[in-house]
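Tertiary structure, described
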Amino acid sequence: MPELPEVETVRRGLLPAMEGRRIEAAEVRRPDLRFPLPERMAERLAGARVQGLGRRSKYILADLSTGETLLIHLGMSGRILVSGRVEGQFHRPVVPAGKHDHVILTMEGGARITFNDARRFGAMDLLATDRAGVHRLLRDIGPEPLGNGFDETYLVERLRGRRMPVKAALLDQRLVAGLGNIYVSEALFRAGIDPRRAAGRIAARRIADLVPAIREVLSEAIAAGGSSLRDYRQADGELGYFQHAFRVYDREHAPCPSPGCDDKIRRIVQSGRSTFFCPTCQR
């Protein structure tokens, strides 16, 4: 599933085509994705101007001039692709809608925004902008890891007393927003923390190393356009390339990249998910 860097990359790719522009037409080609789509969705979107395009955790949020916000979640296989003309940016051919193109927005200026989802694990909703924070998908999400609310003091306090492995704790969206399997594995390696360690038994000084490691991994991944492993594409259809910079994720049996370490990357399963780490460098 796309994590914070992939969703942020898509959001940035949509900005020139959507922000400040009116939705001239909306086509909703099926009644549901993971959940039922909003009633009269096409009617409510058509004519609205996108006043801001933001992100909360793994959700893209388009604030509309109608007082509603369009919430988009990519799910496992969802893609949002831009075609047509974007003034001052590009002009890509518009092709006929495909079988898995479920929602299509025609934007002022000539761009077309297509939500494609072969497995339909994604989601879209319309919610009142002034109540977005209490929406069932957003209300319990923790602070953004690149924001001011996420720091050493906060993380030390939230991990205190937790017996679960630190890897599992960091995947809890109520603790911190947007982190997933890839970037938690990479951040724990950079901080030298064993993913099996009980979260509440990690010294504060080591958590102080983990916070910047999380920020660095996410920032580097965003700069690289995210990681393309299976279905993920940027808004222009291109692959992300941070996967070429993985130090541990998906590198089982590969030599540890730390200078002077002769060990190899190990893979274990935690809570049904693969975890990759170096048993020598991570303690």
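Each remark here, short or long, concerns the structure printed above.
None of the values given here were measured: they were computed from a predicted structure.

The next thing to look at is the sheet that holds strand E9 (residues 123–128). Taken together, the 4 strands give an open sheet; going across it, the order is E2-E3-E4-E9, and neighbouring strands pair in antiparallel fashion. Only two strands of the sheet have a single partner each, and these edge strands are strand E2 (50–56) and E9. Within this sheet the neighbouring strands show an average axis-to-axis angle of 20°, counted without direction. Note: E2 against strand E3 (residues 59–64), 6 bridges, orientation antiparallel. Its bridge partner lying in E3, Gly54 is registered against Leu61. With respect to the sheet, helix H1 (residues 4–18) is in contact with E2 and E3, its orientation differing from that of E2 by roughly 170°.

Another point: the nonpolar core. Core analysis: the largest hydrophobic core is formed by 42 residues, its most contacted members being Leu155, Leu170, Leu175, Leu210 and Ile214. Looking at this core, the elements that each hand over two or more residues are helix H3 (152–159), helix H4 (166–171), helix H5 (181–191) and helix H6 (204–223). The element that contributes the greatest number of residues to this core is H6, accounting for 9 residues. Contact partners of Ile214, with chain neighbours within four places excluded, come to Pro145, Phe150, Leu170, Leu179 and Ala187. Grouped together as the second largest cluster of nonpolar side chains are 30 residues, Val7, Val10, Val86 and Ala111 included.

On to the pattern of salt bridges, then. Taken as a whole, this structure holds 16 salt bridges when the rule is applied. Here Glu24 ties to Arg22 by a salt bridge, and the two come within 3.9 Å at their closest N and O atoms. Among the residues examined, Glu24 registers a relative accessible area of 43% and is labelled partly exposed. Each member of the salt-bridge network shares a partner with another, and the members are Glu8, Arg11, Arg12, Arg55, Arg56 and Glu144.

This next bit is on empty space enclosed by the protein. Counting across every chain of the model gives 1 cavity of 30 Å³ or more. The space that makes up the largest cavity amounts to roughly 70 Å³. For the lining of the largest cavity, the secondary structure elements donating two or more residues are strand E4 (68–73), strand E7 (101–107) and strand E8 (111–117). With 3 residues, E8 is the single largest residue contributor to the lining of the largest cavity. Here the lining of the largest cavity is built from residues that sort into 9 nonpolar, 1 polar and no charged.

A few words now on H6. Here H6 contains 20 residues, and its C-alpha end-to-end distance of 29 Å stays within 8% of the 28 Å for a straight helix at 1.5 Å per residue. Of the surrounding secondary structure, the elements contacted by the buried residues of H6 are H1, H3, H4 and H5. Gly225 occupies a position one or two residues after H6 and carries a positive phi of about 80°.

The next subject is the environment of Ser185. Summarising the element assignment, Ser185 is placed in helix H5. Sequence-wise, Ser185 and Arg247 are 62 residues apart; in three dimensions their C-alpha atoms are separated by 9.1 Å. Not counting chain neighbours up to four residues away, the residues in contact with Ser185 comprise Lys167, Val248, Tyr249, Thr275 and Phe276. At a separation of 3.1 Å, a polar atom in the side chain of Ser185 contacts the main-chain carbonyl oxygen of Asn181.

Calculation notes
- Residues numbered from 1 in each chain as written.
- Predicted model: local features only at pLDDT ≥ 70, side-chain atom pairs only at ≥ 80, totals over all residues.
- Heavy atoms only, no water.
- Pairing = 2+ DSSP bridges.
- Helix = DSSP H or I, 4+ residues; strand = E, 2+ residues; numbered from the N terminus.
- Axes fitted to C-alpha atoms, helices over the stretch in contact; angles between N-to-C directions.
- Contact = heavy atoms within 4.5 Å.
- Core = buried A, V, L, I, M, F, W, Y, C linked by side-chain atoms within 4.5 Å.
- Buried < 20%, exposed > 50% of the residue type's maximum accessible area, 1.4 Å probe, protein only.
- Salt bridge = Lys/Arg side-chain N within 4 Å of Asp/Glu carboxyl O.
- 1 Å grid on protein atoms, 1.4 Å probe; cavity = no way out; pocket = protein on both sides within 12 Å on 5 of 7 lines; lining within 4 Å.
- Points joined across faces, edges and corners; volume = space filled by probe spheres on them.
- Nonpolar A, V, L, I, M, F, W, Y, C, P; charged D, E, K, R; others polar.
- Expected span 1.5 Å × (residues − 1).
- Polar contact = N/O pair within 3.5 Å; in protein donor to acceptor, adjacent residues only side chain to side chain.

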